[in-house]
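Residues per chain, in single letters:
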Amino acid sequence: MTTDWDAGRLDSDLSGVGMDTLAVRAGQHRSPEGEHGEPLFFTSSYVFRSAADAAARFAGEVPGNVYSRYTNPTVRAFEERIAAMEGAEQAVATASGMAAILAMVMSLCSAGDHVLVSRSVFGATVSLFEKYLKRFGLEVDYVPLTEVSVWEPAFKVNTKLVFVESPSNPLAELVDIAALADLCHAKGAMLAVDNCFCTPALQQPLALGADIVIHSATKYIDGQGRCLGGVVAGRSEQMKEVVGFLRTAGPTLSPFNAWVFLKGLETLRLRMQAHCASAQILADWLEQQSGVEKVYYAGLTSHPQHELAKRQQKGFGAVLSFEVAGGKEAAWRFIDATRLISITANLGDSKTTITHPGSTTHGRLSPEDRATAGIRDSLVRVAVGLEDVEDLKADLARGLAVL
């Protein structure tokens, strides 16, 4: 915004407010129109009062919009809201979750730097590091996520960044974020946490000591499977570098998608509570079914990190995975037998989805890499939506009936 307009009482006083209030009101700066809802700014460029005004804005000497590749009021409202909810100094929105990871690494790392990545990250994340970022001189090693003690020997003198998903996709593995953050800082490295599965409604990695938090806003932040987007949040000195990357490279979030995400954030905590409640019911039920060999969900007392999840999360999330007897053929039969749940690899939707990770989300990994990550051919992943949980149970029973 320019300094020529002062909204005064039209903007909400958010000092000391809680998460739900931030999710509804943070980031909105009302225009002279006095609009109650967040406006959509569909414009590629902006006009200036004078040549001197244009020069000052392009140089960053005065605040204001320049070009929507990296300055747009609707996108900025989304960025400010996410930053407030995550407890970050600044957030930067991107065109997708993968673009957020790319922007972070390209902005904060250089050729010759070493990056440690948890072994259980999303398949496309592995491809990004292995097929592309390594080409430009980045050193990358992978470490099992769950035990902090195994991370320390993996550090090198040039380790710049540690990147983890917690919880992980699809096995719901966790790491003690606070302990890993302490280790990273002792080694002079930054810790970045993909918080996609929990969202700030369930977990705040920065409050646990992480330096950077990453989201695929495509998932629960949207909540209805409509738009692609991502976000990186952390300290302003880091995020300024990410803004510079967006300004030059252009993996930009569209204003419309930012507006959709703003609406999604307003109901985020309520949705996550409902998602988690249904996922817990289904996980408990699946664990008792014949034909199901193992269920992966941190809300189960049988999960090896159940107590850690209780400490660092406000809920156990909505993604659960399970292994069925009979390998890939049985897993595919199970999936094909469902009639209500959507067969798709996306998650975070109000509609429940089901997929076979070994041939979809992690299908580009080699069989050896999948085995190392624990992605067996018998594994099925369900991202629990907002339907009646008894209807979901009945649909999964159809799958069990063909095993």
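Up top you'll find the structure we're talking about.
The structure displayed is predicted, hence computed values, not measured ones.

**Quick word on the state of the cysteines**
No. 1: The final tally for this structure, using the stated rule, is zero disulfides.
No. 2: Free of any disulfide, Cys-227 has its nearest cysteine sulfur in Cys-196, 15 Å distant.
No. 3: On the basis of relative accessibility, which here comes to 8%, the residue Cys-227 falls in the buried class.
No. 4: Free cysteine Cys-276: the closest other cysteine sulfur is in Cys-198, separated by 7.7 Å.
No. 5: Relative accessible area serves as the criterion here: at 11%, Cys-276 is assigned to the buried category.

**Some remarks on the packing of helix H4 (residues 97-108) against helix H8 (residues 236-249)**
No. 1: Packing of H4 against H8 leaves a shortest axis separation of 9 Å and a crossing angle of 110°. Comparing their axes, H8 and H4 come out roughly perpendicular. In this structure, H4 uses Leu-102, Ala-103, Met-106, Ser-107 and Leu-108 to contact H8, whose residues at the interface are Gln-238, Glu-241, Val-242, Phe-245 and Leu-246.
No. 2: Classifying every residue of the contact of H4 with H8 gives seven nonpolar, two polar and one charged.

**Topic: the pattern of salt bridges**
Pairing is possible between side chains of opposite charge, provided their charged atoms come close.
No. 1: One pass over the full model with this rule turns up 18 salt bridges.
No. 2: The salt bridge partner of Glu-307 is Lys-310, with a shortest N-O separation of 3.7 Å. With a gap of three residues between them, Glu-307 and Lys-310 both fall in helix H11 (residues 306-312), about one helical turn apart.
No. 3: With relative accessibility at 45%, the residue Lys-310 sits in the partly exposed group.
No. 4: Three or more residues are tied together by salt bridges with common partners; here these are Glu-38, Arg-81, Lys-263 and Glu-266.

**Section: the nonpolar core**
No. 1: Counting residues in each nonpolar core, the largest one holds 57 residues, and the members touching the most others are Phe-78, Trp-151, Val-162, Val-164, Leu-180 and Leu-191.
No. 2: Per-element accounting of this core gives the leading share, six residues, to helix H3 (residues 73-86).
No. 3: Apart from residues lying up to four places away in sequence, Leu-180 is in contact with Val-148, Trp-151, Val-162, Val-164, Val-175 and Leu-191.
No. 4: Ranked by size, the runner-up nonpolar core spans 29 residues in total, among them Ile-101, Leu-108, Leu-128 and Met-239.

**Focus on the environment of Met-190**
No. 1: Among the secondary structure elements, Met-190 is positioned in strand E5 (residues 190-194).
No. 2: As a C-alpha pair, Met-190 and Leu-108 span 82 residues in sequence and 9.6 Å in three-dimensional space.
No. 3: If sequence neighbours within four positions are ignored, Met-190 has contacts with Leu-108, Lys-160, Leu-161, Val-162, Asp-211, Ile-212 and Gln-238.

How each quantity is defined
- Residues numbered from 1 in each chain as written.
- Predicted model: local features only at pLDDT ≥ 70, side-chain atom pairs only at ≥ 80, totals over all residues.
- Heavy atoms only, no water.
- Disulfide = S-S within 2.5 Å.
- Buried < 20%, exposed > 50% of the residue type's maximum accessible area, 1.4 Å probe, protein only.
- Axes fitted to C-alpha atoms, helices over the stretch in contact; angles between N-to-C directions.
- Helix = DSSP H or I, 4+ residues; strand = E, 2+ residues; numbered from the N terminus.
- Parallel < 35°, antiparallel > 145°, perpendicular 65-115°, else oblique.
- Contact = heavy atoms within 4.5 Å.
- Nonpolar A, V, L, I, M, F, W, Y, C, P; charged D, E, K, R; others polar.
- Salt bridge = Lys/Arg side-chain N within 4 Å of Asp/Glu carboxyl O.
- Core = buried A, V, L, I, M, F, W, Y, C linked by side-chain atoms within 4.5 Å.

None of this, on its own, says anything about what the molecule does.
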